[in-house]
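Letter by letter, the chains look like this.
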Amino acid sequence: TGGSLGYTPQRAPSGKGLFALQFDDKITWYLIALAVWAFGLVIWRAIDRSMIRHAMEAISEDEDAAAAAGVNVTAEKLKITLISALMTALSGALYCQYQMFISPDTVSGI
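Heads up: these notes are all about the structure in this document. Model, not experiment: these values are computed from the prediction. Counting of residues starts from 1 at the beginning of each chain's written sequence and follows it residue by residue. Residues qualify for local features only when their pLDDT is at least 70, as the model is predicted, and side-chain atom pairs are given and counted only at 80 or more; totals for whole chains, interfaces and linings, by contrast, use all residues. Only hydrogens and water are set aside when side-chain values are computed; all heavy atoms of the structure are taken into account.

1. Some details on the overall build of the protein chain
Secondary structure summary: the protein chain contains six helices and zero strands in total. Per-residue accessibility, obtained with a 1.4 Å probe over protein chains only, is compared with the maximum for each type, and a residue is labelled buried under 20%, exposed over 50%, and partly exposed between these values. Relative to its 110 residues, the protein chain shows a buried fraction of 19%. Throughout, a contact is declared for two residues whenever any of their heavy atoms are within 4.5 Å. Residue pairs at least 24 apart in sequence account for 61% of intrachain contacts in the protein chain once pairs closer than 6 positions are excluded. Per-residue and other accessible areas were derived by the Shrake-Rupley procedure at a 1.4 Å probe size, with only the shown protein chains allowed to occlude residues. In the structure as shown, the protein chain presents an accessible area of about 8,400 Å², 64% of it carried by carbon and sulfur atoms. For helices the rule is a DSSP run of H or I covering at least 4 residues; for strands it is a run of E covering at least 2, with both sets numbered from the N terminus onward.

2. Describing the pattern of salt bridges
Definition used for salt bridges: Asp or Glu carboxyl oxygen within 4 Å of a side-chain nitrogen of Lys or Arg. Applying the stated criterion to the full structure yields four salt bridges. Glutamate 57 is paired through a salt bridge with arginine 53; the nearest N and O atoms lie 3.3 Å apart. In this pair, glutamate 57 and arginine 53 are both assigned in helix α3 (residues 51–61), four residues apart and thus about one turn of the helix distant. When salt bridges that share partners are traced, they join Asp48, Arg53 and Glu57 into one network.

Take a look at the structure:
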């Protein structure tokens, strides 16, 4: 990946921008970011209307009581962590593609 020098993706040939997610204008990236945000809202709403929400509320009150009520605490925590990690990874990959260069200093510098 280039180590401490970072990683620069190769430019796609002309006409292949949509497949490679490489665009010249920022409007397209704005629309992509808006779509990802809307997708995140859909996921949040689905979780908020599911049993996972009630399980997480029970776990936040008292883990032992939630486990006694039949909630698999570890599985529910892992589900939420996995969903969060997937959404973060998607956003990070799109950010890297937007910047066309990523290094440790630009992402997690002081």
